[in-house]
Amino acid sequence: MEWLNGSRRRWASLLTLFCVLCLLVTPAVTVKHENFKTCDQSGFCKRNRAYADAAISTSKWQSPYTLDSSTVKFEKGVLTGMVTKKLVNTDTKIRLPLKITFHESGTARVTIDEEKRQKGEIELRHGSKARKERYNEAEKWAIVGGTAVSTGAALNKDAEKGSTRVMYGPGSKFEAVIKHAPFGVQFKRDGETQVKLNDRGLMNVEHWRPKVDKPEKEVKEGEEAVVAESDKDAGEDESTWWDESFGGNTDSKPKGPEAVAMDVQFPGYQHVYGVASHAGPLALKETRGGDGKYSDPYRLYNTDVFEYEMDSPMTLYGAIPFMQAQKKDSTVGVFWLNAAETWIDITKSTSSANPLSLGIGGTTSTETHWISEAGLLDVFVFLGPTPQDVIGAYGELTGFTQLPQQFSIAHHQCRWNYVTDEDVKDVDRKFDKSKIPYDVIWLDIEYPEGKKYFTWDPLNFPDPIAMQKQLDDHERKLVAIIDPHIKNEGNYHIVDELKSKDLAIKNKDGNIYEGWCWPGSSHWVDCFNPKAREWWKSLFRYDKFKGTAKNMFVWNDMNEPSVFNGPETTGPKDNLHHGNWEHRDLHNINGMTFHNATYDALLARDKEEDKHNVRPFVLTRSFYSGSQRLGAMWTGDNQAAWPHLEASIPMVLSMGISGYPFAGADVGGFFGNPSKELLTRWYQAGAFYPFFRAHAHIDTRRREPYLAGEPYTEIIAQALRLRYGLLPAWYTAFHEASTTGAPIIRPNYYVHPGDEKGFAIDDQLYLGSTGLLAKPVVKEGQEEQVIYLADKEKYFDYFDFWQYEGPGMVSVAAPLENIPLLMQGGHIFPRRDRPRRSSGLMRFDPFTLVVVLGNSGDAEGTLYLDDGESFDYQSGSYIHRRFKYQAATATLTSEDVGTAGKMTKEYLKKMEKVRVEKVIVVGAPDGWKGKKEASVSEEMAGKSAPSRKVEMEFHAKADGKAAWAVVRDPGVQVGGGWNIAF
Ligand SMILES: *[C@@H]1O[C@H](CO)[C@@H](O)[C@H](O)[C@H]1NC(C)=O
């Protein structure tokens, strides 16, 4: 297995040493911690952590929440009842309506509201106009399906007194055991408890209470205003309940304290994943301090974190409050549907299975504590048992990723900024001259006049149409940035309309909110307002946004929203949105509503004016659960530093298992100048991001791949050609993601859920269902790569067919020009091998099929293909084939797995001449030695035509490399039925 020679190895370790020295002299740029809150600086987080500490340290802690048995009703898959919270030392009981919904899909949902706020029987402070209810519209934005209520769910009559049991899910294998006092729910699968809610008693719904200010004269010096004793628990610390200041901004908190929190336990589960996005490992760390652990909870509060740091639970630009837990052969999960600021504490405990075994065979459990500032307590529970079952069920609720246009999964070239239209045309020509494929060039914030979106700078971009025309000549596209901040300047038609139509976000007093962003003084469009979305739609029409052509698409940045002078670089929490919801309530959804409005605008642009409905492409920085329906995301402003390259892989993997697979990181690193080696390695890694864009800050040197010089330029070009060659496999993986929610790049645990040893591995990835396993080099000077193989299967080097055998670690040579990439036996994947300038020019290119034979000798794979741009696939205009190789008959067959629609025939006709030009069989049987022919038989009008002979070459095993065979030009259609017998 080991085939590096000694001298190369020593050289590699010398380089490693050298790079350690480099790191010591690289100036470190880090996030300004003082700009962002820790849990301790966030009142509700601090209170709930203190609550947890009190609960955990008190041996007889009893949660004060009780489900009143007399109120429990179960009807048609929905259980309702009244949970009450008893306050210490008083008879006051706070009423919290409970609803548990059992869905047909096997997903259960537990929702808790607060009666007083629900009915509006509360008073707001500071004369606020904000809504009184707890925010109940998160589902309106996040949920699009999977909510059919289960007709089969039924009460289990065996329930012990003081509890209610509901059997539900596929084959009624799931059960919810609802304990009444204290209130808690345990979810079981096949009789075994998988998820427990409020078992540790950390549930906390901060009920409304009036702030009672003592009459002026009675307040003595050093004494503070207090709440009426009847409304508060004895000894409660009121210091963080009201107005809260941070970094010079004061939050008026007109609704007082209103957090919701709950503990969610995963008994027997060692690992949890998800709650994207954070710059840390895929398998989440513990957060309550200790060696190598975090001391702050994972935070979800979308914001513009300048120069974010590595290995941190700090918040980033987007929030997906969905978590999965993994143990051997079992995956479960929860989705905490709440759009307010949220913190999640994670701890683990190990107990020995048998008290006599003294710790041997102990099981680890994971405990989590979810804390949100406002809104409903609303949690969905998924019982698996596979990773795909959980991710698929979450995807059914929040939607699957859109099937993107093909260009958008090819190579993107971005920079802040290409400064003129001539500059863009020049870069475009230089890519061609150096024969480097790319599909899209991007414009950052400098193209509009004075940062006024929907305009062009007349001096620098005098002829945007000619620029787009040149790009279109090679089927290339332009993406231009459009952000939600609108410059506050006279005679700018967009801001004039925003104001006159009253479509902007308001401040706490109900006046238009003004803050600072790129253009200086700005206002923000409120996309929670249906009228604002309608207006936004109209702005992208070709006759309104002059200078835009059909090959222009959009990038939404700064949509957290980023506000330079706002608290934590975002909007004040007491700002008001449409319907008078406070910004606090819906903050994490804000970015998604803007992304959604832009998506709809692009859809309308083509439908209304062109009748040619191409699929929109909109990149977003901020996101929430559901954003995957709208377009791609990227991991924001990273740095040209090795640790950022390394972190990008777990970050993108994490997006994939969080239902948002169309993800990538800025190739090359946004801030700073990468060394040529780093840049090259980054392209090699980027070739495995679902969203593959190079980007750079305005202060950096130009770094388009043709500038790198040899050997770098050629090595980068090879990585790009690898991506382009595999585009059919990527597109097939996107199709799978768009129909099942399956991740596009997949971590080890997803592919091998029974392999405990691989659960924390997050530096290598599988591409879709192709069996391709990549582990890009992410360390300076590294010349070999150790890859983990989880199963007893054959793996082959993608480039030279070197054969490896799992399970275990294998070492692969990785000098700069090599991308460690293996093919797992048992798969077939499609490729297109002719180098082109852009993916659009590959439309009618022939295919290569790579058949990789493993231990069983059989192999299987799929190809999905359509026009790559329109919605015609929804009418059957596509090709979907399954290829199967069977060892018993030594035959490769192609079968149709599509469903015919009204446009199927037309598309097949159009693709008639597109053939399979090559079939490569890797790991071919030794018995084929001496064979020179294979026989092909095609299906014509449903019947098999007489078979014909085609030439075949066989290459025997040599030097550790597998035997392989190739059939050139079997003369079969990619969209047809046929078989090839070897
Ligand atoms: C965008 O939002 C609107 C309004 O909520 C919704 O009807 C539509 O389905 C959303 N679009 C997508 C693609 O999710």
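Residues numbered from 1 in each chain as written. Predicted model: local features only at pLDDT ≥ 70, side-chain atom pairs only at ≥ 80, totals over all residues. Heavy atoms only, no water.

The subject of this paragraph is empty space enclosed by the protein. With the rule as written, the count across this model stands at nine cavities of 30 Å³ or more. Quantified by volume, the largest cavity comes out at close to 170 Å³. For the largest cavity, the lining is made up of 17 residues, of which Q406, G840, R843, D867 and G868 are closest to its centre. Residues that form the lining of the largest cavity fall into these classes: four nonpolar, five polar and eight charged. Taken as a whole, the second largest cavity spans an internal volume of roughly 70 Å³. Lining the second largest cavity are 14 residues, with Y135, N136, A138, L337 and L376 positioned closest to its centre. Looking at the lining of the second largest cavity residue by residue, the class counts come to seven nonpolar, three polar and four charged. (1 Å grid on protein atoms, 1.4 Å probe; cavity = no way out; pocket = protein on both sides within 12 Å on 5 of 7 lines; lining within 4 Å. Points joined across faces, edges and corners; volume = space filled by probe spheres on them. Nonpolar A, V, L, I, M, F, W, Y, C, P; charged D, E, K, R; others polar.)

All right, on to the environment of V272 then. Tracing the backbone shows V272 in strand β15 (residues 271–274). Taking the relative accessible area as the measure of exposure, V272 reaches 0% and is therefore buried. Each C-alpha atom of the pair V272 and L841 lies 43 Å from the other, and the pair is 569 residues apart in sequence. The residues contacting V272, other than those within four sequence positions of it, are F266, L282, A283, L284, M323, Q324, A325, I346 and T366. (Helix = DSSP H or I, 4+ residues; strand = E, 2+ residues; numbered from the N terminus. Buried < 20%, exposed > 50% of the residue type's maximum accessible area, 1.4 Å probe, protein only. Contact = heavy atoms within 4.5 Å.)

The strand order across the open sheet built from three strands is β25-β27-β26, with neighbouring strands paired in antiparallel fashion. At either margin of the open sheet sits one strand with a lone partner, and together these are β25 (485–487) and β26 (515–517). Neighbour-to-neighbour, the strand axes of the sheet open up by a mean angle of 60°, direction not taken into account. Pairing of β25 with strand β27 (residues 520–524) involves three bridges; the strand directions are antiparallel. Bridging from a neighbouring strand, H485 pairs with W524 of β27. On the sheet, helix α8 (residues 493–500) packs against β25 and β27 and is oriented at approximately 115° with respect to β25. (Pairing = 2+ DSSP bridges. Axes fitted to C-alpha atoms, helices over the stretch in contact; angles between N-to-C directions.)

What UniProt calls "domain: DUF5110" (unreviewed entry) maps, in this numbering, to residues 848–896. Taken as a whole, residues 848–896 contains 0% helix and 57% strand, while its terminal C-alpha atoms sit 18 Å from one another. (UniProt positions renumbered as here; feature names shortened; annotations may be inferred.)

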